[in-house]
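# Examination of the molecular architecture
Here are the chains, one letter per residue:
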Amino acid sequence: MACAPGSVPGPLNMPRRKAPRSGSRAARLTPRFLSVNPMAIITGASRGIGRGIARRLAMEGWDLVLNYARNEAAARDAAEECRHEARQMGREVRVEVFGADIAEGSQRESLVRFAKTTFAACQLLVNNAGVAPVVRADILDAGEDSFDRLISTNLKGPYFLTQQVARWMLEIAGPEKPPATKVVARIVFVSSISAYTASVNRGDYCVSKAGVAMLCKLFAARLAEHGIHVFEVRPGVIATDMTGPVKEKYDRLIADGLTPIRRWGSAEDVGKAVAAIAQGFLPFSTGEVINVDGGFHLRTL
Ligand code: NAD
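This section reports on the structure supplied with the text. (Residues numbered from 1 in each chain as written. Predicted model: local features only at pLDDT ≥ 70, side-chain atom pairs only at ≥ 80, totals over all residues.)

What follows concerns the overall build of the chain. When helices and strands are counted, the chain shows eight helices and seven strands. Relative to its full complement of 301 residues, the chain shows a buried share of 44%. Put simply, of all contacts in the chain between residues at least 6 apart along the chain, 76% involve residues at least 24 apart. (Helix = DSSP H or I, 4+ residues; strand = E, 2+ residues; numbered from the N terminus. Buried ≥ 20, exposed ≤ 12 C-beta atoms within 10 Å, placed from the backbone. Contact = placed C-beta atoms within 7 Å.)

Once that is clear, we can look at the site of the ligand. Neighbouring the ligand are 27 residues; Gly44, Gly48, Gly130, Ser192 and Thr240 lie closest to it. Among the elements of the structure, helix H2 (48–59) and strand S2 (63–68) are those that each provide at least two residues to the shell around the ligand. For the shell around the ligand, the element with the most residues is H2, which contributes three residues. (Near = placed C-beta within 6 Å.)

In this section: the nonpolar core. Ranked by size, the top nonpolar core spans 69 residues in total, and within it Leu64, Leu66 and Cys122 carry the most contacts. By residue number, the principal contributor to this core is helix H8 (residues 267–278), which donates seven residues. Not counting chain neighbours up to four residues away, the residues in contact with Leu64 comprise Ala40, Ile42, Ala54, Leu57, Ala58, Cys82, Val93 and Val95. (Core = buried A, V, L, I, M, F, W, Y, C linked by C-beta atoms within 7 Å.)

For the rest of this paragraph, the subject is the environment of Glu72. Looking at where Glu72 falls in the secondary structure, it is placed in helix H3 (residues 72–88). Classification of Glu72 by C-beta neighbours within 10 Å gives partly exposed; the count is 13. As a C-alpha pair, Glu72 and Phe98 span 26 residues in sequence and 8.2 Å in three-dimensional space.

A few words now on helix H5 (residues 144–173). End to end, H5 covers 41 Å across 30 residues, agreeing with the expected 44 Å (1.5 Å per residue, within 8%). At Ser152, H5 shows its maximal kink, close to 40°. For H5, the complete set of buried residues consists of Ser146, Leu150, Thr153, Asn154, Leu155, Gly157, Pro158, Leu161, Thr162, Val165, Ala166 and Met169. Those residues of H5 hidden inside the fold are in contact with strand S1 (39–42), helix H4 (105–118), strand S4 (124–127), strand S5 (185–190), helix H6 (203–223) and strand S6 (228–235). Immediately beyond the C-terminal end of H5, within one or two residues, lies Gly174, with a positive phi of roughly 85°. (Expected span 1.5 Å × (residues − 1). Bend = angle between axes of the 7 residues up to and from the residue.)

This is the structure:
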């Protein structure tokens, strides 16, 4: 998967130059147009799947904006880990962190403004941030507060963040439509097997993820002619803080054959799937679902 030395992955195939260390005086004084790596924005990147995606993209030579909701220390730690992983691969990347609640319009705007003033262009947006219900409640009892929280974070946030970032991608690409073979940028939505699996004790989560699946189709249809390709990455049961509280239940289910591949998924598994998209290995696909679920979606007889 790694690119040849001296080249960068994705849409920019330019000679590599050393990027200044994030936060350094050189970084502050470096005009944004001098950034040479492709750049990705990843929401909810301070831990879990988002962090796994960030780590993998850094290894492939991507500059990053790591969005986090509250835990700045964890985000800074993730950023340092990304720089370290990149260096291990002989690469220099610029990694910035930015706190923003993606459920809030003004904070989404601040995030995009920060990215625009820091980097010349965005070649990849990864809509990863998401929340599970605090309490799993039967659909006959579930309340509106949880529904509103999940829809705001999991669906409304990515909807309008993608709208804003796609407009920026279009500004950069210019009014000319690129040839059909040219990919200018890519957008990824991290959904879930809950997009199509009915769990009656977390209907709000399922509905939000089913909506995300439609978001992918909508933006894919709208943006293809501009050279922007859109993907839904659909994880199954992945070991993160989100699934920590239900670990024993899933340990049992996996041992009993819930997934043909009998193991938990990892953030690294999802990171590798996003890296395959980011590196341009699916050039004739858009609106596509990439299952990262150990085969959970298979029907067997
Ligand atoms: P996690 O709870 O470990 O991480 C989620 C991240 O999103 C956290 O860093 C959190 O701070 C951030 N976040 C939450 N709300 C936010 C907001 N309003 N603004 C900005 N950031 C916010 O969970 P995870 O398992 O890493 O999940 C990542 C994504 O993958 C989510 O969209 C989740 O629904 C999805 N997913 C997870 C699994 C799984 O088994 N873990 C399975 C399928 C899909």
